[in-house]
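Residue-level structure breakdown
For reference, the chains in residue letters:
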Amino acid sequence: MFLVKSVCFLGMIVFSVCSKFSSLDTIYQKGVDAYSRERWSECIVHFEESLHLYKTYKTVIINCRLKCNTENKSQILEQIEDLKIYELFLNRRNCLIRCLDNEFENVYMYNNVSNKILSNFQSRKPYEYLHLCYFEMNALPKAASAAYTYYVANTENEIMKNNVDYYILQPEVDSKEVIDLESEDYQVLYRIGLKAYKLKNWGETIANMEEALTHYLNWENSCRAECEHLSEQDWTSEFSITIANYIASVLTCRQKCQNNPIFNTGVELLAEILNYLQISYYHMERIEDASQAVATYLFLIPNDEDMLENKKIYISLVDKKSFSERSDVVYYFKRDKQEKMLLNFFLSENNDNYA
């Protein structure tokens, strides 16, 4: 628990609450120390706690950034030079400071996490320790999932691949229960929807694919918000150059959010989901919903010959006004396209001076 309470009696009854704040850096280091001393049960306790704290840390950070990115109380009514832009970021700064202070206090957690520790969690380093600690405690099913979770994010690691292969061969381990413990909701929903599609359970396919689409858009927004934490970079004496370099770093990070284990890009994933949806809606005789899925698919991939043929069929079955794109996917695609344009422009001009 994050909170330790002590009750003090001074004359009349007075309650005094003494809180103990958790530090992600400290708990993680305790796990490393326990591992180095071969204290396997302590290793497990500390790394499991650190993973919980990291998820709490991420949730607070992301929620505050998303909240403050949509909050804009402007007092400058007219755009004079760049004053409205400056005001926007000054407002976000004030909002973030207030939000982070309040929310971290609410969860009894320190906000000062080192870049090195954050990098370790992003690369799933705790699972590299955990699989060995589970192994030493003879908890092989947990060791298998921990090893696999690390391997998913580090596929170049041949040693971990061999570890996963070893665990799967053990009689105590059911290969179907070896999972990625960091798998996102949209990935799980997509796979469940795919199984339902193969069984021709159209209603179940629709329910899971619709949820997968919504969860993916929400997940990517959260991933993009994470990108606003930047490691230290070289500053120059030129304000505009420094700001531009930071913007390029944020855009690069946001584009990497589309890298996922299902498809190469978010656009490909959304298009595939929409394809399953249009087929399933058709079988459920929900023709208007099917036509909207086709229209949205073609907005993403306009030259797909099979989908263009489907368009001809659906246009003959529904009112032309019903053949319209989904606004959430349209917004996603337009934002992605313009981000790519900005980033490509920056890189084309600064290829030799920017890493």
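Right, let's walk through the structure included here. (Residues numbered from 1 in each chain as written. Predicted model: local features only at pLDDT ≥ 70, side-chain atom pairs only at ≥ 80, totals over all residues. Heavy atoms only, no water.)

In terms of regular secondary structure, the protein is built from 14 helices and 2 strands. Considering only C-alpha atoms, the protein reaches an extent of 80 × 70 × 60 Å along its principal axes. For the protein, the proportion of its 355 residues judged to be buried stands at 38%. Taking as baseline every contact in the protein between residues at least 6 positions apart, the subset at least 24 positions apart corresponds to 68%. When the accessible surface of the protein is split by element, carbon and sulfur atoms take 53% of a total near 21,600 Å². Across the protein, the centroid of the 37 positively charged side chains sits 3 Å from that of the 51 negatively charged ones. (Helix = DSSP H or I, 4+ residues; strand = E, 2+ residues; numbered from the N terminus. Buried < 20%, exposed > 50% of the residue type's maximum accessible area, 1.4 Å probe, protein only. Contact = heavy atoms within 4.5 Å. Areas by Shrake-Rupley, 256 points an atom, 1.4 Å probe, with all protein chains shown as cover. Lys, Arg positive; Asp, Glu negative; His and termini not counted. Charge placed at Lys NZ, Arg CZ, Asp CG, Glu CD.)

On the surface, Ile80, Leu83, Ile85, Tyr86, Phe89, Leu90, Phe239, Ile243 and Ile247 cluster together into a nonpolar patch covering about 850 Å² of accessible area. Looking at the nonpolar patch, the elements with two or more residues in it are α3 (83-106) and α10 (239-256). The greatest single-element share of the nonpolar patch, amounting to 5 residues, is contributed by α3. Mapped onto the elements, Leu90 comes out in helix α3. (Patch = residues over 30% accessible without salt bridge, like charges linked within 9 Å, V, L, I, M, F, W, Y side chains within 5 Å. Salt bridge = Lys/Arg side-chain N within 4 Å of Asp/Glu carboxyl O.)

What follows covers the pattern of salt bridges. Applying the stated criterion across every chain, the model contains 14 salt bridges. Residues Arg254 and Glu339 are paired through a salt bridge, measuring 3.9 Å at the closest nitrogen-oxygen approach. Taken together, the positions of Arg254 in helix α10 and Glu339 in helix α14 (residues 327-350) put the pair 85 residues apart, joining distant regions of the chain. Residue class for Glu339 comes out buried when judged on its relative accessible area of 7%. Between Lys340 and Asp336 there is a salt bridge, with the nearest N and O atoms lying 2.8 Å from each other. In this pair, Lys340 and Asp336 both sit in helix α14, 4 residues apart, roughly one turn of the helix.

The residue Ser74 is located in the loop between α2 (40-70) and α3 in this model. Along the backbone, Ser74 and Glu87 are 13 residues apart, and their C-alpha atoms lie at a distance of 7.3 Å. Excluding residues within four positions of it along the chain, Ser74 makes contact with Lys84 and Glu87.

Here Ile287 shows up in helix α12 (residues 287-300). Here Ile287 is in contact with Tyr282, Tyr314, Leu317 and Val318, once residues within four sequence places are set aside.

Now for the state of the cysteines. If you walk through the whole model with that rule in mind, you get 5 disulfides. Here Cys43 engages in a disulfide with Cys133; their sulfurs sit 2.0 Å apart. Handedness of the Cys43-Cys133 disulfide follows from its S-S torsion of about 80°: it is right-handed. Taken together, the residues span a long stretch of sequence, with Cys43 in helix α2 and Cys133 in helix α5 (residues 125-136) at a distance of 90 residues. This pair shows no difference in class: Cys43 is buried, exactly as Cys133 is. Paired through a disulfide, Cys64 and Cys99 show a sulfur-sulfur distance of 2.1 Å. (Disulfide = S-S within 2.5 Å.)

Turning next to α10. When the terminal C-alpha atoms of α10 are compared, their 26 Å separation across 18 residues agrees well with the 26 Å that a helix rising 1.5 Å per residue should span. Listed in full, the buried residues belonging to α10 are Thr242, Asn245, Ala248, Ser249, Val250, Leu251, Arg254 and Gln255. (Expected span 1.5 Å × (residues − 1).)

Another point: the packing of aromatic side chains. Across all of its chains, the model carries 22 aromatic pairs by this definition. Among the aromatic residues, ring-to-ring pairing joins Tyr28, Tyr35, Trp40, Phe47, Tyr54, Phe121 and Tyr129 into one connected group. Taking NZ or CZ as reference, Arg92 lies 5.6 Å from the ring centre of Phe89, over its face. (Phe/Tyr/Trp six-rings, centres within 6.5 Å; stacked < 30°, edge-to-face > 60°. Lys NZ or Arg CZ within 6 Å of the ring centre and 35° of its normal.)

So, about the side chain of Gln170. Take Gln170: it is sitting in the loop between α7 (158-169) and α8 (185-198). Overall, Gln170 belongs to the buried group, its relative accessible area being 18%. Reaching out from Gln170, the side chain makes a polar contact with the backbone oxygen of Tyr166 at a distance of 2.9 Å. (Polar contact = N/O pair within 3.5 Å; in protein donor to acceptor, adjacent residues only side chain to side chain.)

Contact geometry of α12 with α14 gives a least axis separation of 10 Å together with a crossing angle of 0°. The orientation of α12 relative to α14 falls into the category roughly parallel. Between α12, through Thr296, Phe299 and Leu300, and α14, the contact on the second element is made entirely by Val329, Val330, Phe333 and Lys334. Taken together, the residues of the contact of α12 with α14 sort by class into 5 nonpolar, 1 polar and 1 charged. (Axes fitted to C-alpha atoms, helices over the stretch in contact; angles between N-to-C directions. Parallel < 35°, antiparallel > 145°, perpendicular 65-115°, else oblique. Nonpolar A, V, L, I, M, F, W, Y, C, P; charged D, E, K, R; others polar.)

Backbone geometry places Glu81, a non-glycine residue, at a positive phi of 50°. Mapped onto the elements of the fold, Glu81 is located in the loop between α2 and α3. Its identity is not glycine, yet Lys200 carries a phi of approximately 60°, on the positive side. Tracing the backbone through its elements, the reader meets Lys200 in the loop between α8 and α9 (202-226). Among the residues examined, Lys200 registers a relative accessible area of 58% and is labelled exposed.

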